[in-house]
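Geometric and topological summary
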Amino acid sequence: MKKLFYLFTLLFFTGTSTFIAQQSSYSFKISDANNIHLQVNNVGGLNNPNGNAGGHWTQIKVDSTIVYDQGLWVIGKIGDEIYMGENQWQSSYSIGPIINSKPAMEIKPEDSLKYRVYKISKGDDNSNVDFLEWPGNFGAPLDENGNPKIYGDQSIYTVFNALGKPSFTYFSNFLDSLKPMPIEVRQLVYSRKGNSDDSEDIFSNVLFFEWTIINKGNSIIDSAYVSLWTDIDFLLNTNSNVPAVDTAKQVGYCWDVGTNVPAVGYALLYGPIVPSNGDNAVFKGKRIANFKNLGVTSFHAILDDAQIYPPGNPAYSVTEAWNIARGFETDGTDVTDPVTGLKTNYYYSGDPVDSTGWLGDRGTVGGGAGFNMFSGPFTLAPQDTQWVMMALVPALGNNGLKSIEIMRSKIAELKSLSYDSLAFGSTPIIASNKDNGSIINDFVLEQNYPNPFNPTTKIKYEIPNVVDSKFASSQYNVKLIVYDVLGKEVAVLVNKKQTAGNYEVNFNASKLTSGIYFYQLQVNTPGNVADHIKTMKMVLLK
């Protein structure tokens, strides 16, 4: 319903002259390196003022639309009050960074054209104005030489904040209750070219998001949550997008039955980090000791934008958003799983493939169906930074349930890869020592045998010699670790120094349950030239 009145409401609330003024600083670029095409704007959404769908996928033969709009939410407390930045068909964000504790559009509105969306691709040079003017001073990634750093084969970057007045207001949701929040959000969207289909290269049909969230204020933001909000549409009938969550895969998605129906999901690859003794977190590709990455902590299904009351209505106030962030209904009452009769933080966490658990009903959803997927709580001290990484993962099988299976398989594969493999195309396997030019040959991690297994299997790996004789007899710091599908460490098979050679390790999984696991070889090379990581998947069947 909201989409039908999009332009009318825009003009009604903003007025034509204001609308035209806003257009002067509106900016978007199309992410189109592979089969997913997203219209990324400079307040973190996908929409443009014409109300067109912002996400398309060329693999769908009937209608390429997969996402109408999406946005990042940040909500938390400063003192006893709740603050929030959000994008839900409209945006409360202001374009540009926070400069000297003030929003960019208030302190330097003359630079509004600099607060645009920037797009660069591999092979670009200064002939691309976005490459030439790449905003490193606004947090855009730079390489070691100070040049634009390209993630994947194409990168799109923009920065916005929740401190200033909303730059583009289409609807009145939230605006009565929102207060300026001193957070700056740096959004990086990137993709790799890959081949034409998933069977050859899943990166043809995956798109990555990284959000860096900075507290630019002078007060602690505590009990904070981040959320992806999305309105997923696919096929000609927008009433076929049933929300669901797979807590094992850490993915929120929409699905339906029928022939050649896709599944469209957002997988949480790395959530915010919080202190946790003995654990290791990943933060922008670096390991952080004694921290852990949070997973999906609540999932709120949206049945339609016209839904006013629970269950399944969108949050339209800060209080309602605060309730769903903590796993409640919008009115603060418990969410109860009708299958188990127990309180839950997760709407529709059943499995459509085998028809178990709590499943959504396609008869209850409308064109505004989607979800909020939250991760938290965490604390942001003044000038502190959090970071979140997700992937948009659509899949298409010969029927809707097969699409879900393909999507899950793709996500498991993504989660088995290192951050460098996801962001830059490969894990470094060749590194040079700046002092002596020594070259390190490739490392080998073989597929475990047997696979599937029950309960024991063998894992073989090879540590090669270094070409330079100076390091030929050096010892490497070697770890061989087993993880479950949530990224939790379940076994350490090797943790010691080893010289070059072939090794074999026996793994006994008698204490583990059936399922998919990943084993990862981590090698620190001589002279600390490079960290080398390889990951493989194995299946335990009991």
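What comes next is a walk through the structure. Throughout, a residue's number is its position along its own chain's written sequence, starting from 1. Totals for whole chains, interfaces and linings use every residue, but because this is a predicted model, local features are given only for residues with pLDDT of at least 70 and side-chain atom pairs only at 80 or more, for both listing and counting. Each side-chain value is derived from all of the structure's non-hydrogen atoms; neither hydrogens nor water enter the calculation.

Describing the overall build of the protein
Rules: Working definition: helices are DSSP H or I runs of at least four residues, strands are E runs of at least two. Numbering for both runs from the N terminus. Think of it in three bands: residues with accessible area under 20% of the maximum for their type are buried, residues over 50% are exposed, and the middle band is partly exposed, with areas taken using a 1.4 Å probe on protein chains only. Here, residues are in contact when the closest pair of their heavy atoms is within 4.5 Å. Where accessible areas are quoted, they stem from the Shrake-Rupley method and a 1.4 Å probe; at the residue level, only the protein chains shown are allowed to cover.
In terms of regular secondary structure, the protein is built from seven helices and 28 strands. A buried classification covers 57% of the 542 residues belonging to the protein. Across the protein, every contact between residues at least 6 apart in sequence was considered, and the portion connecting residues at least 24 apart equals 66%. Split by element, the accessible area of the protein, about 22100 Å² in all, is 50% carbon and sulfur.

Some thoughts on the nonpolar core
Most often, soluble globular proteins keep nonpolar side chains buried together rather than apart. Our working rule: Buried Ala, Val, Leu, Ile, Met, Phe, Trp, Tyr and Cys residues that are joined via side-chain atoms within 4.5 Å together make up what is termed a nonpolar core.
Membership of the largest hydrophobic core comes to 103 residues, with the highest contact counts inside it found for Phe208, Tyr266, Met389, Leu392 and Leu414. Sorting elements by how many residues they give to this core places strand S21 (residues 385–396) first, with eight residues. Those residues in contact with Leu392 that sit more than four places away from it in its chain are Ile36, Leu38, Ile66, Val67, Asn205, Val206, Leu207, Phe209, Val264, Gly265 and Tyr266. Phe443, Phe453, Val478 and Val482 belong to the second largest nonpolar core, which has 22 residues in total.

Here's the deal with the pattern of salt bridges
We count it as follows: Here a salt bridge means any side-chain nitrogen of Lys or Arg lying within 4 Å of a carboxyl oxygen belonging to Asp or Glu.
Scanning all chains against the criterion turns up 14 salt bridges. A salt bridge links Asp246 to Arg408; the nearest nitrogen and oxygen atoms lie 3.1 Å apart. Of this pair, Asp246 sits in strand S14 (residues 242–246) while Arg408 sits in helix H6 (residues 400–415); the two residues are 162 residues apart in sequence, bridging distant segments of the chain. By relative accessible area, Asp246 is classed as buried at 11%. Take Arg408: its relative accessible area is 14%, and that puts it in the buried class. Here the residues in one salt-bridge network are Lys29, Arg116, Asp130 and Glu133, joined through shared partners.

Describing the sheet that holds strand S22 (residues 444–445)
To keep it simple, the criterion reads: At least two bridges found by DSSP between two strands is the condition for calling them paired.
Here three strands make up an open sheet; going across it, the order is S22-S23-S26 and the pairing antiparallel. Edge strands, defined here as strands with exactly one partner in the open sheet, are S22 and strand S26 (501–508). As paired strands, S22 and strand S23 (residues 456–463) are joined by two bridges and run antiparallel to one another. Each residue of the ladder has a partner; that of Val444, found in S23, is Glu462.

Topic: unusual backbone geometry
Of the consecutive residues Asn451 and Pro452, the connecting peptide bond is found in the cis state with omega at 0 degrees. Tracing the sequence through the fold places Pro452 in the loop between S22 and S23. Here Trp89, not a glycine, exhibits a phi torsion of approximately 65 degrees, which is positive. Overall, the relative accessible area of 1% leaves Trp89 in the buried class. Backbone geometry at Ser355 places phi at a positive 55 degrees, although glycine is not the residue there. Among the secondary structure elements, Ser355 is positioned in the loop between helix H5 (318–325) and strand S20 (370–380). Overall, Ser355 belongs to the exposed group, its relative accessible area being 56%.

Re the packing of aromatic side chains
Selection criterion: Two aromatic rings from Phe, Tyr or Trp, using only the six-membered ring of Trp, form a pair when their centres are within 6.5 Å; if the ring planes differ by under 30 degrees the pair is stacked, by over 60 it is edge-to-face, and anything between is tilted. Remark: a charge is flagged as sitting over a ring if the NZ atom of Lys or the CZ atom of Arg is within 6 Å of the ring centre and within 35 degrees of the ring normal.
Evaluated as defined, the whole model comprises 25 aromatic pairs. Taking the centre distance of 5.2 Å and the plane angle of 45 degrees together, the rings of Tyr151 and Tyr190 count as tilted. Placement of the pair is Tyr151 in the loop between helix H4 (129–132) and strand S10 (154–161) and Tyr190 in strand S11 (residues 183–191), with a sequence separation of 39 residues. Given a relative accessible area of 0%, Tyr190 falls into the buried group. Put simply, the rings of Tyr151, Tyr190, Phe203, Phe208, Tyr270, Phe283, Trp387, Tyr419 and Phe424 pair up and form one aromatic cluster. Across the ring face of Tyr83, the terminal group of Lys179 is positioned such that the distance to the ring centre comes to 5.1 Å. Above the ring of Phe328, the side-chain terminus of Lys343 is found at 4.9 Å from the ring centroid.

Describing the pairing of strand S17 (residues 273–283)
Regular strands have side chains that alternate between both faces of the sheet. Bridge count for S17 against strand S18 (residues 286–293) is seven bridges, and the pairing is antiparallel. Counted as the bridge partner of Pro275 is Phe291 from S18. Adjacent in sequence and paired antiparallel, S17 and S18 are bridged by two residues, among which Lys284 carries a positive phi angle near 55 degrees.

Focus on the side chain of Asn313
Keep this limit in mind: We define a polar contact as two N or O atoms separated by no more than 3.5 Å, with the added condition that, inside protein, one atom must be a possible hydrogen donor and the other a possible acceptor, whereas residues neighbouring each other in sequence contribute only through side-chain atom pairs.
With respect to the secondary-structure elements, Asn313 resides in the loop between strand S19 (298–302) and H5. A relative accessible area of 1% places Asn313 in the buried class. Among the polar contacts made by the side chain of Asn313, one reaches the main-chain carbonyl oxygen of Ile308 at a distance of 2.9 Å. In contact with Asn313, other than residues within four places in its own chain, are His300, Gln307, Ile308 and Thr330.

A few points about H6
Heads up, the condition is: To estimate the expected span of a helix, subtract one from its residue number and multiply by 1.5 Å.
With 16 residues, H6 should cover 22 Å at 1.5 Å per step; its first-to-last C-alpha distance of 23 Å lies within 8% of that length. All buried positions along H6 are accounted for by Gly400, Ser403, Ile404, Met407, Arg408, Lys410, Ile411, Ala412 and Leu414. Looking at where H6 begins, the residue whose side-chain oxygen comes 3.0 Å from the main-chain nitrogen of Leu401 is Asn399.

Examining the environment of Thr333
Along the chain, the position of Thr333 falls in the loop between H5 and S20. The partly exposed category is assigned to Thr333, whose relative accessible area is 40%. Residues Thr333 and Asn323 lie ten residues apart in sequence; the distance between their C-alpha atoms is 8.4 Å. Separated by 2.6 Å, the side chains of Thr333 and Asp331 make a polar contact.

Observations regarding the pairing of strand S24 (residues 476–484)
When you tally the buried positions in S24, you get seven out of nine residues, the bulk of the element. As judged from the eight bridges shared by S24 and strand S27 (residues 515–524), these two strands associate in the antiparallel manner. By the bridge assignment, Lys479 is partnered in S27 with Gln522.

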